[in-house]
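If you want the building blocks of each chain, they are given just below.
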Amino acid sequence: MHSFGYRANALLTFALTILALICAMVSLSDNLNSPSPSAEIQILNINWFQRHPDGNDEVSLTLNITADLQSLFTWNTKQVFVFVAAEYETPKNSLNQVSVWDGIIPAKEHAKFWIQTSNKYRLIDQGGNLRGKEFNLTLHWHVMPKTGKMFADKIVMSGYRLPEEYR
Amino acid sequence: MGFIGQTLDSFKPTQLRQALSQAISLGMIVTSALMIWKGLMYFTGSESPVVVVLSESMEPGFKRGDILFLHMNKDPIRTGDIVVFNIDGRDIPIVHRVIEVHEHGGTGEVEILTKGDNNSVDDRAMYAHGQRWLQQQHIIGRAIGYLPNVGYLTIIMTEKPIIKYILIGALGLFVLSSTE
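Everything numeric in this text was worked out from a predicted model, so none of it was measured.

Peer 1: What's the story with the overall build of chain A in this structure? I'm lost.
Peer 2: For chain A, the helix and strand inventory stands at one helix and nine strands. Overall, chain A shows an N-to-C arrangement of helices and strands of α-β-β-β-β-β-β-β-β-β. Relative to the compact-globule value of 15 Å for 167 residues, chain A shows a C-alpha radius of gyration of 23 Å, a clear excess of over 25%. Across the 167 residues in chain A, those meeting the buried criterion constitute 46%. Taking all contacts inside chain A whose residues are at least 6 apart in sequence as the whole, residues at least 24 apart take part in 68%. Accessible surface, chain A: about 8,900 Å² in total, of which carbon and sulfur atoms supply 59%. Positive and negative side-chain charges in chain A, numbering 15 and 15 respectively, have mean positions lying 8 Å apart.

Have a look at this one:
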């Protein structure tokens, strides 16, 4: 009952239980944070807008993305993954979501940013439906913690529209 | 006659009872571990509720050896979800982020494209030959939480199986010697 094996086993079990409890409490402390992020996206330019030989439309845009995500960071935050997705509807698909840009914010100091970029990922439709298409640009963020539960949310910005003609 | 009688005598009832109770306590440990695993499978709705991250394709978010808690419900898959999926013909689950979703109007079926955060190209090259999209049935679960580094033991056990045998041997020895 008092051998080394028993004592080591009891100590290890206790240490692991306490560690699990602490991780759970750290993760719960994230719920105390009430974030208030803000973002704005402008389409500076439609670079080109063509239809592929297989019938799928593709558009290339230059975007201006401004965001302040500093309030998302807590002591338990490892990084925030942020991305911009274009959302639109077509006759065949009730919803299309295509990610056009993403980035990783490693620390609070970098969370207030302004970036001007062409789309990092190609915006290709399943079909030729993009002429004159109205779409939303949504800024999503994914808070990845040092331990525990991950949080995700988004800001939807609507009112964008693609040109009527290819160019 | 005398020799056989002596051997039979040495197999005393108390020794038999001790051996049986050791076997039962070992069985209890194994079955309670199994119950916890199956219970987790039920509550999270996923076939494998906990996975170990095996590659560096999601760094710096997830490193090799981290474990992810999965959950699967009827909510539709949307961009940004971190999903775990199997590719037909391969049995290692892959943890990547969804970057494109196309949902068909009538059937509600989705076609999904994924990409690892740390990769420069999307996963299309990794899918089965001729496959351009993932469907809902390929997705095992969504990652909702994470613990750093805990899974490194599983990686070591898979890559150097001798450690697995040493651990199981030591555990067995400990249980068997616990009556002292």
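Peer 1: Is there a simple way to explain the packing of aromatic side chains in this structure?
Peer 2: A complete count under the given rule lists six aromatic pairs over all chains for this structure. Geometry around Phe 81 of chain A places Arg 97 of chain B over its ring, the cationic atom sitting 3.5 Å from the centre. The lysine or arginine in question, Arg 124 of chain B, covers the ring of Trp 133 of chain B, its NZ or CZ lying 4.6 Å from the ring centre.

Peer 1: Looking at this model, I keep getting lost on the interface of chain A and chain B. Mind explaining?
Peer 2: In many reports, interface size means the accessible area that the parts give up when they come together. Contacts between the two partners involve 34 residues from chain A, matched on the other side by 30 residues from chain B. It is Gln 97, Gln 126 and Met 150 of chain A that lose the most area in chain A upon contact with chain B, and together they represent 22% of the buried surface on that side. Linking chain A with chain B are zero salt bridges. For the pair chain A and chain B, the interface holds 16 residue pairs in polar contact (both at pLDDT 80 or more). Taken together, the elements giving at least two residues each to the side of chain A that touches chain B come down to helix H1 (4–29), strand E3 (77–88), strand E4 (93–105), strand E7 (134–145) and strand E8 (148–149) of chain A. Its residues placed into classes, the side of chain A that touches chain B shows 15 nonpolar, 13 polar and six charged. As defined by bridge partners, E8 of chain A adjoins strand E6 (residues 139–147) of chain B across two bridges and the pair is classed as antiparallel. Looking across to E6 of chain B, one finds that Gly 148 of chain A is bridged to Tyr 146 of chain B.

Peer 1: I tried to follow the confidence of the model for chain B on my own but got confused; where do I start?
Peer 2: One rule of thumb: low pLDDT means the predicted coordinates there are not for detailed reading. Chain-level pLDDT for chain B is 80 on average; 88% of the residues reach the 70-or-more range. Reported confidences for the modelled complex are a pTM of 0.79 and an ipTM of 0.83.

Peer 1: I would appreciate a short explanation of the pattern of salt bridges in the present structure.
Peer 2: A side chain with one charge may pair with a side chain of the opposite charge, provided their charged atoms come close. Evaluated as defined, the whole model comprises eight salt bridges over all chains. Among the salt bridges present, the one from Asp 102 of chain A reaches Lys 120 of chain A, with a minimum N-O distance of 2.8 Å. Of the two residues, Asp 102 of chain A sits in strand E4 while Lys 120 of chain A sits in the loop between strand E5 (112–118) and strand E6 (123–124), which places them 18 residues apart along the sequence. For Arg 78 of chain B, the salt bridge goes to Glu 103 of chain B, with nearest N and O atoms at 3.0 Å. Of this pair, Arg 78 of chain B sits in the loop between strand E2 (67–71) and strand E3 (82–85) while Glu 103 of chain B sits in strand E4 (residues 94–104), and the two are 25 residues apart along the sequence.

Peer 1: Where do I start with the nonpolar core in this structure?
Peer 2: Within soluble globular proteins, side chains that are nonpolar generally end up buried alongside one another. The biggest cluster of nonpolar side chains holds 33 residues, and the ones touching the most others in it are Leu 69 and Leu 139 of chain A. Sorting the residues of this core by element identifies strand E1 (38–51), strand E2 (57–68), E3, E4, E7 and strand E9 (151–161) of chain A as the ones contributing at least two each. Those residues within four positions of Leu 69 of chain A in sequence are excluded, and the remaining contacts are Pro 37, Val 82, Ile 105, Ala 111, Phe 113, Leu 139 and Trp 141 of chain A. Among the nonpolar cores identified, the runner-up in size contains 17 residues, and Ala 85 of chain A together with Met 58, Leu 68 and Tyr 146 of chain B belong to it.

Peer 1: Before we go on, may I ask you to explain a nonpolar patch on the surface in this structure?
Peer 2: Residues and elements named next belong to chain B. On the surface, Tyr 152, Leu 153, Ile 156, Ile 162, Ile 163, Tyr 165, Ile 166, Leu 167 and Ile 168 cluster together into a nonpolar patch covering about 880 Å² of accessible area. Those elements that place two or more of their residues in the nonpolar patch are helix H3 (152–159) and helix H4 (161–176). Counting residues per element, the nonpolar patch draws most heavily on H4, which supplies six residues. Secondary-structure assignment places Leu 167 in helix H4. The partly exposed category is assigned to Leu 167, whose relative accessible area is 41%.

Peer 1: Sorry if this is basic, but what is going on with the side chain of His 138 of chain B here?
Peer 2: Tracing the backbone shows His 138 of chain B in the loop between strand E5 (110–115) and E6. Apart from residues no more than four positions distant in its own chain, His 138 of chain B is found in contact with Val 84, Phe 85, Asn 86, Asp 88 and Gln 131 of chain B.

Peer 1: Is there a simple way to explain the environment of Asp 123 of chain B in this structure?
Peer 2: Residues and elements named next belong to chain B. Inspection of the secondary structure puts Asp 123 in the loop between E5 and E6. What makes Asp 123 buried here is its relative accessible area of 3%. Spatially, the C-alpha atom of Asp 123 lies 9.9 Å from that of Leu 134, the residues being eleven residues apart in sequence. A polar side-chain atom of Asp 123 sits 2.6 Å from a polar atom in the side chain of His 96. Here the side chain of Asp 123 touches Lys 115 through a polar contact of 3.5 Å, landing on its backbone nitrogen.

About the cut-offs
- Residues numbered from 1 in each chain as written.
- Chains lettered and ligands numbered in written order.
- Predicted model: local features only at pLDDT ≥ 70, side-chain atom pairs only at ≥ 80, totals over all residues.
- Heavy atoms only, no water.
- Helix = DSSP H or I, 4+ residues; strand = E, 2+ residues; numbered from the N terminus.
- Rg over C-alpha atoms; globule rule 2.2 N^0.38 Å.
- Buried < 20%, exposed > 50% of the residue type's maximum accessible area, 1.4 Å probe, protein only.
- Contact = heavy atoms within 4.5 Å.
- Areas by Shrake-Rupley, 256 points an atom, 1.4 Å probe, with all protein chains shown as cover.
- Lys, Arg positive; Asp, Glu negative; His and termini not counted.
- Charge placed at Lys NZ, Arg CZ, Asp CG, Glu CD.
- Phe/Tyr/Trp six-rings, centres within 6.5 Å; stacked < 30°, edge-to-face > 60°.
- Lys NZ or Arg CZ within 6 Å of the ring centre and 35° of its normal.
- Buried area = accessible area lost by both parts, 1.4 Å probe.
- Salt bridge = Lys/Arg side-chain N within 4 Å of Asp/Glu carboxyl O.
- Polar contact = N/O pair within 3.5 Å; in protein donor to acceptor, adjacent residues only side chain to side chain.
- Nonpolar A, V, L, I, M, F, W, Y, C, P; charged D, E, K, R; others polar.
- Pairing = 2+ DSSP bridges.
- pLDDT = per-residue confidence, 0-100.
- Core = buried A, V, L, I, M, F, W, Y, C linked by side-chain atoms within 4.5 Å.
- Patch = residues over 30% accessible without salt bridge, like charges linked within 9 Å, V, L, I, M, F, W, Y side chains within 5 Å.

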